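Architecture and fold: a report
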Amino acid sequence: MAALDGLPPLREVIATHELVAKKQLGQNFLLDLNLTSKIARAAGDLTGCDVLEVGPGPGGLTRGLLAEGARKVLAVEKDPRCIPALEEIAAHYPGRLEFILGDALEVNVLEHLEAPVRICANLPYNVGTELLVRWLTPKVWPAFWQSLTLMFQREVAERIVAKPGSNHYGRLAILAQWRTDARIVLSLPPEAFSPPPKVHSAVVHLTALPEPRFPADPKVLERVTAVAFNQRRKMLRSALKSLGPDIEDRLRAAGIEPTRRAEEIPLEGFCALAREMAK
Ligand SMILES: C[S@@+](CC[C@H](N)C(=O)[O-])C[C@H]1O[C@@H](n2cnc3c(N)ncnc32)[C@H](O)[C@@H]1O
């Protein structure tokens, strides 16, 4: 029996195209179309938006995004075995699904998208964090996208929304909360996926702020936070020693006591330190 959107159920799609999941591509598919619709709705009002999806796989989330009214979905998929399933969806929604066979870390998507753009994806876990950091750290802000709605391992999701003092607080929290409002909107148990991964998952929704909360150069902020949290239990004067012999002076100039630890420093402090380091 066809699903509500008139296309075959995802289990049938997977069987027809023999999409046996490949671990090295992070393939844990969502086969419940109610769930993929829920994630698409969490992306906000899609009417009139282009939506970038990384890793559409058999297309469950793609179908949700199209049914929720996306003007166009641009889907970037690395696995050629998924293309026939995507072609069926494209035929069902004429002119609204464009897909690119390629690696999302290499494809230039900008020439295929028109503003306003939202990004929504059940990301392959092995490239998820790298893509997120790239989307958060363009030189020029605002970025090309308005919002990100992304599935991660739950632990990564917790790192994105973590506050100072928590074990999860680190580079991801700082980069995300610097330029977006970030919150977890959905938690999913392993059984929601086929095959089930070992860990729980969660969807994070990040809304781009018109301006970063505090001025800083993205590359410097990224570097300073990466180094600081690499040795998170050490005092900053030791953890940041590799950034130069005058690091204690720079910390003080940024209003940070050099004996404090990275996990105690709020976003504002790291931005002040990034400005000092850029001088
Ligand atoms: C977790 S699955 C999600 C599939 C589908 N969106 C779903 O929700 O069922 C991740 C998908 O990303 C694809 N993928 C893995 N690495 C990729 C990369 N570097 N670029 C683009 N797609 C990739 C995989 O082939 C797979 O289809």
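Naming follows an unreviewed UniProt entry, where the protein chain appears as Ribosomal RNA small subunit methyltransferase A of Falsigemmobacter intermedius. The heading Sequence similarities (unreviewed entry) in the UniProt record of the protein chain holds the text "Belongs to the class I-like SAM-binding methyltransferase superfamily. rRNA adenine N(6)-methyltransferase family. RsmA subfamily." Per UniProt, the protein chain has the following entry under Catalytic activity (unreviewed entry): "adenosine(1518)/adenosine(1519) in 16S rRNA + 4 S-adenosyl-L-methionine = N(6)-dimethyladenosine(1518)/N(6)-dimethyladenosine(1519) in 16S rRNA + 4 S-adenosyl-L-homocysteine + 4 H(+)".

Here we look at the nonpolar core
Among the nonpolar cores identified, the biggest contains 84 residues, and Leu65, Cys120, Leu150, Ile160, Val204 and Phe270 are the most heavily contacted of them. Counting residues per element, this core draws most heavily on helix H11 (residues 267-278), at seven residues. Two domains share this core, each providing at least three of its residues, namely domain 1 (2-208) and domain 2 (218-278).

Things to note about the site of the ligand
The ligand sits among 23 residues. The nearest are Gly55, Gly57, Ala104, Asn122 and Pro124. Where the shell around the ligand is concerned, the elements lending two or more residues are strand E1 (29-30), helix H3 (60-67) and strand E3 (72-77). Looking at side-chain class alone, the shell around the ligand contains twelve nonpolar, seven polar and four charged residues.

Remarks on the confidence of the model for the protein chain
Confidence in the prediction of the protein chain, expressed as mean pLDDT, is 97, and 100% of residues score 70 or more. Predicted as a complex, the structure gets a pTM of 0.97 and an ipTM equal to 0.99.

Quick notes on the UniProt feature "domain: Ribosomal RNA adenine methylase transferase N-terminal" (unreviewed entry) in the protein chain
In the UniProt entry, the feature "domain: Ribosomal RNA adenine methylase transferase N-terminal" (unreviewed entry) is given for residues 35-210. The distance from the first to the last C-alpha atom of residues 35-210 is 30 Å, and the span holds 31% helix and 27% strand.

Looking at helix H5 (residues 125-136)
Note that an α-helix has 3.6 residues per turn; residues three or four places apart therefore point the same way. Its twelve residues give H5 an end-to-end C-alpha distance of 17 Å, which sits within 8% of 16 Å, the value for a rise of 1.5 Å per residue. Of all the positions in H5, only Gly128, Leu132, Trp135 and Leu136 are classed as buried. Viewed along the axis of H5, the buried residues span an arc of 90°, placing them on a single side of the element. Residues of H5 that are exposed and point more than 90 degrees away from the buried face comprise Asn126 and Glu130. As for H5, its buried residues are in contact with strand E5 (117-122), strand E6 (147-153), helix H6 (154-161) and helix H7 (171-179).

What to know about the UniProt feature "binding site: S-adenosyl-L-methionine" (unreviewed entry) in the protein chain
Residues given the UniProt feature "binding site: S-adenosyl-L-methionine" (unreviewed entry) here are Asn28, Leu30, Gly55, Glu77, Asp103 and Asn122. Mapped onto the elements, Asn28 comes out in the loop between helix H1 (10-16) and E1. Leaving out residues up to four positions away in the same chain, Asn28 has contacts with Ala21, Phe193, Pro195 and Pro197. For Glu77, the position within the fold is in strand E3. Residue Glu77 is classed as buried on the basis of its C-beta count, with 26 C-beta atoms lying within 10 Å. Setting aside its immediate chain neighbours within four residues, Glu77 contacts Gly55, Pro56, Cys82, Leu86, Phe99 and Leu101.

Comments concerning the pairing of E5
When you tally the buried positions in E5, you get six out of six residues, the bulk of the element. Side chains of E5 alternate between two faces, with Val117, Ile119 and Ala121 and Arg118, Cys120 and Asn122 buried alike. Of the pairings in the sheet, the one linking strand E2 (residues 50-54) to E5 comprises three bridges and is parallel in character. Bridged to Asp50 within E5 is Val117. Pairing analysis gives five bridges linking E5 to E6, with the strands arranged parallel. What sits directly across from Ile119, in E6, is Leu148.

Notes on unusual backbone geometry
The linkage connecting Trp141 with the following residue, Pro142, adopts the cis geometry, with an omega of 5°. Take Pro142: it is sitting in the loop between H5 and E6. Of the consecutive residues Ser194 and Pro195, the connecting peptide bond is found in the cis state with omega at -10°. Turning to its location among the elements, Pro195 is positioned in the loop between strand E8 (193-194) and strand E9 (201-208).

Section: the pairing of E9
With seven of eight residues buried, E9 lies mostly within the body of the structure. Two elements, E6 and E9, share seven bridges in a ladder whose sense is antiparallel. Note that in E9 the partner of Gln153 across the bridge is Ser201. Where strand E7 (residues 180-188) and E9 come together, eight bridges link them in antiparallel fashion. Pairing of Ala182 across the sheet is with Leu206, part of E9.

Conventions used here
Residues numbered from 1 in each chain as written. Predicted model: local features only at pLDDT ≥ 70, side-chain atom pairs only at ≥ 80, totals over all residues. UniProt positions renumbered as here; feature names shortened; annotations may be inferred. Core = buried A, V, L, I, M, F, W, Y, C linked by C-beta atoms within 7 Å. Buried ≥ 20, exposed ≤ 12 C-beta atoms within 10 Å, placed from the backbone. Helix = DSSP H or I, 4+ residues; strand = E, 2+ residues; numbered from the N terminus. Domains from an automatic or database assignment. Near = placed C-beta within 6 Å. Nonpolar A, V, L, I, M, F, W, Y, C, P; charged D, E, K, R; others polar. pLDDT = per-residue confidence, 0-100. Expected span 1.5 Å × (residues − 1). Arc of directions from axis to C-beta. Contact = placed C-beta atoms within 7 Å. Pairing = 2+ DSSP bridges.

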